[in-house]
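Letter by letter, the chains look like this.
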Amino acid sequence: MQTLINLFKNNLREYGMIIALVLITGLFWFLTDGVNFTPLNLTNLILQNGFILVLAVGMVLVIITGNIDLSVGSVVAFIGAVAGVLIINMNVPVWLAVIIAIIAGALIGVWQGFWISYVGIPSFIVTLAGMLVFRGLTLWLLDGQSLAPFPDSFQSISSGFIPDLFGGANLHIFTIVLSVILSLVLVYLEFNKRRTQLQYNFEVAPLWTTIVKLALLLLAINWFAYQLAQNKGIPTVLVIVIVLIVLYTFIMKNTVMGRHIYATGGNKKAADLSGIKTKRVVFWVFVNNGVLAALAGLMFAARLNSATPAAGNMLELDAIAAVFIGGASMAGGVGTVIGAIVGGLVMGVMNNGMSLIGIGIDWQQFIKGLVLLIAVGFDVYNKNKG
Amino acid sequence: MSDYILEMREITKTFPGVKALDNVNLQVEQGEIHALVGENGAGKSTLMKVLSGVYPYGTYDGSIYFEGQECQFKNIKQSENLGIVIIHQELALSPYLSIAENIFLGNERQSNKIMKWKDTFSESKKLLERVGLKDSPETLVMDIGVGKQQLVEIAKALSKNVKLLILDEPTAALNETDSENLLKLLLELKQQGVSSILISHKLNEVSYVSDSITVLRDGKTIETLNAKEEEISEERIIKGMVGRELTSRFPEHHPNIGKTIFEVKKWNVYHPQQQDRKIIDNVSFHVKKGEIVGIAGLMGAGRTELAMSIFGKSYGKKISGELYKDGKQIEANTVSKAIEKGIAYVSEDRKTYGLNLIDDIKRNITLSNLQRISKSSVIDENKEVIESQSLRERLNIKTPTLEQLAGNLSGGNQQKVVLSKWIFTEPDILILDEPTRGIDVGAKFEIYTQINELAKQGLAVIVISSELPEVLGLSDRIYVMNEGRLTGELNKDEADQESVMRYMTGTGGTRNADVN
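Cut-offs used in this document
Residues numbered from 1 in each chain as written. Chains lettered and ligands numbered in written order. Predicted model: local features only at pLDDT ≥ 70, side-chain atom pairs only at ≥ 80, totals over all residues. Helix = DSSP H or I, 4+ residues; strand = E, 2+ residues; numbered from the N terminus. Rg over C-alpha atoms; globule rule 2.2 N^0.38 Å. Buried ≥ 20, exposed ≤ 12 C-beta atoms within 10 Å, placed from the backbone. Pairing = 2+ DSSP bridges. Axes fitted to C-alpha atoms, helices over the stretch in contact; angles between N-to-C directions. Contact = placed C-beta atoms within 7 Å. Domains from an automatic or database assignment. pLDDT = per-residue confidence, 0-100. Parallel < 35°, antiparallel > 145°, perpendicular 65-115°, else oblique. Nonpolar A, V, L, I, M, F, W, Y, C, P; charged D, E, K, R; others polar. Left-handed = near helix turned anticlockwise from the far one by under 90°. Core = buried A, V, L, I, M, F, W, Y, C linked by C-beta atoms within 7 Å.

Along its length, chain A carries 16 helices and zero strands. Taking 386 residues into account, the globule formula puts the C-alpha radius of gyration at 21 Å, and chain A, at 21 Å, falls close to it. The C-alpha extent of chain A, read off along each of the three principal axes, is 65 × 60 × 40 Å. For chain A, buried positions account for 41% of its 386 residues.

Structure representation (structure tokens):
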């Protein structure tokens with residue numbers, strides 16, 4: 001029992017958010033008479049929130065370094081406009097337009113990272129300027145008009161699904177197969193980790209906690225996959241998001257770059273004196289954020305099937321809120337990719353659920369604001385108490 | 001009653017584990033300049049914090065009498081109301097406000113919360129005349145030099161009708177002319193009836209202006225010297241300051257000294273902001289393999305600045321000079337280059353410059369040399385645990401797990417983590433800046449043992465310390481710094497506290513190394 005309490009206490013941040021997500025989902029399950037759990041709605045949930053999750057992954061890195069990026073909403077609009085002009089007006093092939101758009105995102109990151117890292121202007125100011133600059137450029141590029149429609153191949157970025165190789169009739173069999181494979185991989189990884197730790201004579205968590213944890217995780221994954229299989233299977237968006245989660249979790253947890261990012265945010269002076277080139281770290285984190293914002297911009301434009309001047313308005317605030325709900329600290333040095341994703345899902349489930357039960361946009365904003373305040377307030381309270 | 005303006009009787013102040021003040025008595029006569037001297041850590045600042053109410057009544061034992069009345073200050077405001085004003089070493093001025101605004105900061109000339117600008121400026125002008133500052137009261141504080149800023153602080157004190165002025169190292173940051181002006185001002189204020197307590201390391205200044213001198217050592221009053229009739233020599237003061245046996249014990253050390261491994265030649269460094277101020281002046285020194293070299297000096301002598309400027313130019317501007325390792329000239333313009341060349345620097349301020357307090361022990365230990373536990377940039381977390389576990393055992397870091405956050409450790413254990421971190425970089429030259437500051441005697445001994453052990457393995461170790469016994473107890477050879485210059489070099493057998501103290505205070509200059 002004591003181990004369980006300790007395990008919970010030490011991971012209060014992570015577990016707390018997951019529990020909050022489960023509770024909120026449960027609340028809406030109750031309020032919507034289970035509509036939010038239908039296969040169709042779960043698929044929608046992913047399609048609606050994919051780009052916010054992508055933005056949250058980029059944003060959490062920025063926030064861990066102790067910075068902020070207010071410009072991503074405008075960058076989303078700008079990249080959508082670039083793609084629209086290239087594909088619709090200039091008939092550039094979709095694959096080439098996508099590459100150009102991603103490079104444009106990287107260049108935006110270079111621009112902002114330069115001012116922040118090497119000139120030393122606070123990121124709040126640089127990206128506030130960026131928010132205006134890129135919104136302005138979007139309006140100029142689109143001449144104030146919307147551009148539509150995009151060709152099907154471009155739309156499939158956000159509305160496509162993984163085809164069923166097994167041709168299931170009512171059930172998307174490939175989805176089930178993938179989820180079983182994923183489950184097996186997770187089981188292997190977990191036990192492999194345990195085995196090496198035992199080899200080195202490290203202390204390991206009791207076997208039963210590992211099994212319970214794994215069982216809950218696998219249950220959630222397979223149930224979710226089964227629901228998706230009842231609809232159209234796995235959306236392309238979900239694939240993109242999962243790839244990003246795996247990649248960035250690995251970078252942040254297991255690579256030298258990840259360590260440098262945490263160290264820069266945790267104590268910049270100490271990081272400098274440890275031989276870390278903190279300016280370079282912050283610069284590349286902004287370049288990375290530009291690339292991910294561009295990807296989100298493409299997903300957003302594909303979903304709307306148009307490039308519009310008002311696209312992505314306030315999106316930066318959703319991404320920032322997701323990161324803070326996910327346990328990151330304003331002062332830097334703290335935060336996880338998984339946390340940011342869970343935070344994004346909390347926001348997404350609330351948006352979706354409140355729309356389903358017909359709460360107006362006014363009260364939606366109001367409630368989301370309070371949830372952000374309470375989530376972070378809870379965090380601060382815990383920290384002060386501990 | 002006597003004509004003492006201030007009497008502090010049997011003041012005892014304890015911090016967890018340390019007795020900072022032990023039955024200290026201080027008596028200041030009406031209208032005198034009373035100097036308070038002692039080594040770093042002797043308890044001078046603590047005593048002044050007790051007096052001014054920074055440590056409120058009830059957190060210390062003993063009693064304070066001011067003008068014959070017993071005082072029980074709960075905060076600084078109360079002591080200031082009685083006319084006791086303390087000016088700290090780091091000036092408490094707001095750079096973007098004018099001189100006049102600073103003088104009346106927190107004490108504004110006002111009527112019903114509305115500023116009375118005319119009074120503010122006219123009254124400041126009068127105060128500035130008293131301290132001999134000719135600048136307009138509308139000048140911004142950031143536009144005047146440190147010397148003048150010090151005068152503004154005094155004017156601010158005068159605006160509060162100061163009766164007892166306390167100055168903590170007022171001349172530490174000043175050049176000679178400014179220092180002299182300041183001391184003359186103190187003498188003038190004395191004529192006007194303002195008593196003052198002067199805390200200073202500069203013994204020539206002390207013997208120049210003081211009427212009496214109280215010596216503190218290890219939190220105890222040693223003696224009060226009367227300087228009214230006859231001048232007290234600096235030698236006499238030094239004797240009082242250091243007259244004790246080595247109190248902390250040092251592990252036995254049998255040096256096995258090899259060839260010269262690291263050399264610094266003609267090193268010059270300027271202040272990062274005030275670029276005409278030379279912080280390090282033509283310093284040259286060397287260290288041999290297996291040798292422990294101490295660098296002694298008082299606060300502000302430039303020891304940390306010297307070390308940090310060598311370590312990847314982490315401090316200062318316009319750095320010039322040459323570094324040699326194994327006889328070959330090396331470049332170490334960035335910290336990562338310096339680490340690559342085998343230099344490690346353990347900062348004096350472990351919380352600000354040494355550790356990421358919100359990260360765990362093992363990640364702190366490996367941070368400066370992640371290559372050692374990674375393959376093509378991917379970290380092997382198992383190797384990380386093994387390596388940091390072995391350092392934890394070697395240095396006896398007391399913690400339940402390696403996942404403990406560095407911020408939750410005690411000072412001694414934090415210091416061991418920082419030391420582990422730099423041992424992990426496998427350096428050839430290890431610079432330790434105040435390696436035992438603020439840690440208890442037991443942990444000190446363990447750190448000394450590690451330092452000896454590292455030297456035995458062939459590292460060149462440079463120890464910077466403000467504690468004389470530590471420098472004397474550890475080092476095979478000692479360099480002494482004063483105001484940015486090396487003023488002496490002593491071998492273990494010729495060094496004692498008094499000789500080092502003479503070089504430290506810049507008074508014993510028979511041998512001025514590297515000064516042309």
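Here we come to the sheet that holds strand S24 (residues 485–491) of chain B. Where strands meet in a sheet, backbone hydrogen bonds hold them as pairs that are either parallel or antiparallel. Residues and elements named next belong to chain B. The six strands are arranged S18-S21-S22-S15-S23-S24 in an open sheet whose pairing can be described as mixed. What marks the edges here is a single partner per strand, and that holds for strand S18 (343–346) and S24. For this sheet the average axis-to-axis angle between neighbouring strands, irrespective of direction, equals 20°. Those strands touched by helix H17 (residues 497–504) are strand S15 (292–296), strand S23 (477–482) and S24, and its axis lies near 35° from that of S23.

Turning next to the domain arrangement of chain B. Here chain B is described as being made up of domain 1 (4–242), domain 2 (258–332 + 452–516) and domain 3 (343–426). Distance from the C-alpha centre of domain 2 of chain B to the C-alpha centre of domain 3 of chain B: 27 Å.

All names here are of chain B. Here chain B averages 88 in pLDDT, and 95% of its residues register 70 or above. At the level of individual helices and strands, chain B shows its lowest average pLDDT in helix H8 (residues 234–242), which scores 80, and its highest in S18, which scores 96. Predicted confidence is poor over residues 509–516, with pLDDT under 50, and the contacts of this stretch with residues over four places away or in other chains come to twelve contacts. Model confidence for the complex: the whole-complex pTM is 0.81, and ipTM, which rates the interface, is 0.86.

Further remarks concern the environment of Ile166 of chain B. Residue and element names in this part refer to chain B. As for its placement among the helices and strands, Ile166 is situated in strand S9 (residues 164–168). Assessed through the 26 C-beta atoms surrounding it within 10 Å, Ile166 is described here as buried. Residues Ile166 and Leu198, 32 residues apart in the sequence, show an inter-C-alpha distance of 6.1 Å.

What describes two packed helices is the angle between their axes and the distance between those same axes. All names here are of chain A. At a minimum axis distance of 9 Å, the contact between helix H3 (residues 39–64) and helix H13 (residues 278–304) shows a crossing angle of 175°. On the basis of the axis angle, H3 is roughly antiparallel to H13. Residues Leu47, Gly50, Phe51, Val54, Leu55, Val57, Gly58, Met59, Leu61 and Val62 of H3 touch H13, and the partners they reach there are Val285, Phe286, Asn288, Asn289, Leu292, Ala293, Leu295, Ala296, Met299, Phe300 and Arg303. A per-class count over the contact of H3 with H13 returns 16 nonpolar, four polar and one charged.

With that settled, the discussion passes to the interface of chain B and chain A. In this assembly, 25 residues from chain B lie in contact with 21 residues from chain A. Partitioning the side of chain B that touches chain A into residue classes produces 13 nonpolar, ten polar and two charged.

Residues and elements named next belong to chain B. A sheet is described by the order of its strands in space; here six strands give the open sequence S6-S9-S10-S3-S11-S12, paired in mixed fashion. Each end of this open sheet is capped by a strand with a single partner; those strands are strand S6 (84–87) and strand S12 (220–226). Geometrically, the sheet is characterised by an average inter-axis angle of 20° between neighbouring strands, direction not taken into account. When strand S3 (residues 33–37) meets strand S10 (residues 195–199), the two strands line up parallel, connected through four bridges. The residue of S10 that forms the bridge with Leu36 is Ile199.

All names here are of chain A. Contact pair helix H14 (residues 315–325) / helix H15 (residues 337–356): the axes reach a minimum separation of 7 Å and the direction vectors enclose 120°. Regarding the angle of H14 to H15, the classification is oblique. Handedness of the H14/H15 crossing: right-handed. Contacts between H14 and H15 pair Asp318, Ala321, Ala322, Val323 and Ile325 from the former with Ala340, Gly343, Gly344, Val346 and Met347 from the latter. Class assignment of the residues belonging to the contact of H14 with H15 gives a composition of seven nonpolar, two polar and one charged.

Looking now at the nonpolar core. Side chains of nonpolar character tend, in soluble globular proteins, to be buried together. Leu55, Ala56, Met59, Val60, Leu298 and Val323 of chain A together with Val461 of chain B are the most contacted members of the largest nonpolar core, which has 231 residues in total. Among the elements that line this core, the one with the most residues is H13 of chain A, at 15 residues. With residues near it in sequence (within four places) discarded, Met59 of chain A still touches Asp69, Val72, Asn289, Ala319, Ile320, Val323 and Ala340 of chain A.

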